[in-house]
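# Reading the structure
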Amino acid sequence: QVQLVESGGGSVQPGGSLRLSCVASGLTFTTYAMSWYRQVPGKEREFVAAITWTSGSTYYADSVKGQFTVSRDNAKITAYLQMNSLKPGDTDVYYCAASPSILYSSFAYSRPGIYAYWGQGTQVTVSS
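Now for a description of the structure that goes with this document. None of these values were measured; they are calculated from a predicted model. (Residues numbered from 1 in each chain as written. Predicted model: local features only at pLDDT ≥ 70, side-chain atom pairs only at ≥ 80, totals over all residues. Heavy atoms only, no water.)

### Quick notes on the overall build of the chain
Across its full length, the chain carries 1 helix and 11 strands. Reading the chain from its N end, one meets helices and strands in the order β-β-β-β-β-β-β-β-β-α-β-β. For 128 residues, the compact-globule estimate of 2.2 N^0.38 gives 14 Å, and the chain sits close to it at 13 Å. By its C-alpha atoms, the chain is 40 × 25 × 25 Å across when sized along the principal axes. Taking all 128 residues of the chain together, the buried fraction comes to 45%. By sequence separation, contacts in the chain at least 24 residues apart represent 59% of the contacts at least 6 residues apart. For the chain, the exposed area adds up to about 6,200 Å²; of that, 50% sits on carbon and sulfur atoms. (Helix = DSSP H or I, 4+ residues; strand = E, 2+ residues; numbered from the N terminus. Rg over C-alpha atoms; globule rule 2.2 N^0.38 Å. Buried < 20%, exposed > 50% of the residue type's maximum accessible area, 1.4 Å probe, protein only. Contact = heavy atoms within 4.5 Å. Areas by Shrake-Rupley, 256 points an atom, 1.4 Å probe, with all protein chains shown as cover.)

### A word on unusual backbone geometry
Although it is not a glycine, isoleucine 77 adopts a positive phi angle of roughly 45°. With respect to the helices, strands and loops of the structure, isoleucine 77 is situated in the loop between strand S7 (68-73) and strand S8 (78-83). Judged by its relative accessible area of 34%, isoleucine 77 is partly exposed. One non-glycine residue, serine 85, lies in positive phi territory at about 50°. Here serine 85 shows up in the loop between S8 and strand S9 (92-99).

### Some words on the pattern of salt bridges
Under the defined criterion, the tally for this structure stands at 5 salt bridges. Here lysine 65 ties to aspartate 62 by a salt bridge, and the two come within 3.2 Å at their closest N and O atoms. Residue classification places lysine 65 among the exposed positions, given a relative accessible area of 52%. Linked by salt bridges that have partners in common, Arg38, Glu46, Lys87, Asp90 and Asp92 make up one network. (Salt bridge = Lys/Arg side-chain N within 4 Å of Asp/Glu carboxyl O.)

### Quick notes on the nonpolar core
Core analysis: the biggest nonpolar cluster contains 39 residues, and Met34, Trp36, Leu81, Met83 and Tyr109 have the highest contact counts within it. Setting aside residues no more than four positions away along its own chain, methionine 83 makes contact with Gly16, Ser17, Leu18, Leu20, Gln67, Phe68, Tyr94 and Val124. (Core = buried A, V, L, I, M, F, W, Y, C linked by side-chain atoms within 4.5 Å.)

### A closer look at the sheet that holds strand S1 (residues 3-7)
One open sheet accounts for 4 strands, arranged S1-S3-S8-S7; its pairing is antiparallel. Only two strands of the sheet have a single neighbouring strand rather than two, namely S1 and S7. Between one strand and the next, the sheet's axes are offset by a mean angle of 15°, whatever the strand orientation. When S7 meets S8, the two strands line up antiparallel, connected through 6 bridges. Bridge pairing in S8 links phenylalanine 68 to methionine 83. (Pairing = 2+ DSSP bridges. Axes fitted to C-alpha atoms, helices over the stretch in contact; angles between N-to-C directions.)

Take a look at the structure:
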């Protein structure tokens with residue numbers, strides 16, 4: 001049984017930082033690209049960032065470039081999302097997702113249909 005379990009969410013003041021983690025189990029982690037999405041209830045899920053399993057290439061939504069960093073540690077079967085300079089607009093539930101596809105653009109990774117597995121989400125709240 002495949003599981004993706006996110007952690008690291010919480011409440012932070014504007015300008016603060018958080019690092020989200022996504023631990024995978026039940027799949028061959030090194031053959032999946034790992035991505036992060038976020039969603040506010042009532043809105044569509046929004047792509048945030050992706051990292052490939054082949055070369056470790058990274059892709060970001062324009063809205064988070066320079067602010068968020070995606071990474072992975074294959075030995076720990078964990079993907080990370082480092083979020084800096086957080087703003088109230090970054091308040092969302094953040095999800096990790098795993099895709100077996102090998103793609104080459106942020107647009108390609110932004111399509112939810114390519115993902116085989118999703119985590120349950122972790123809440124991030126940015127407010128003063």
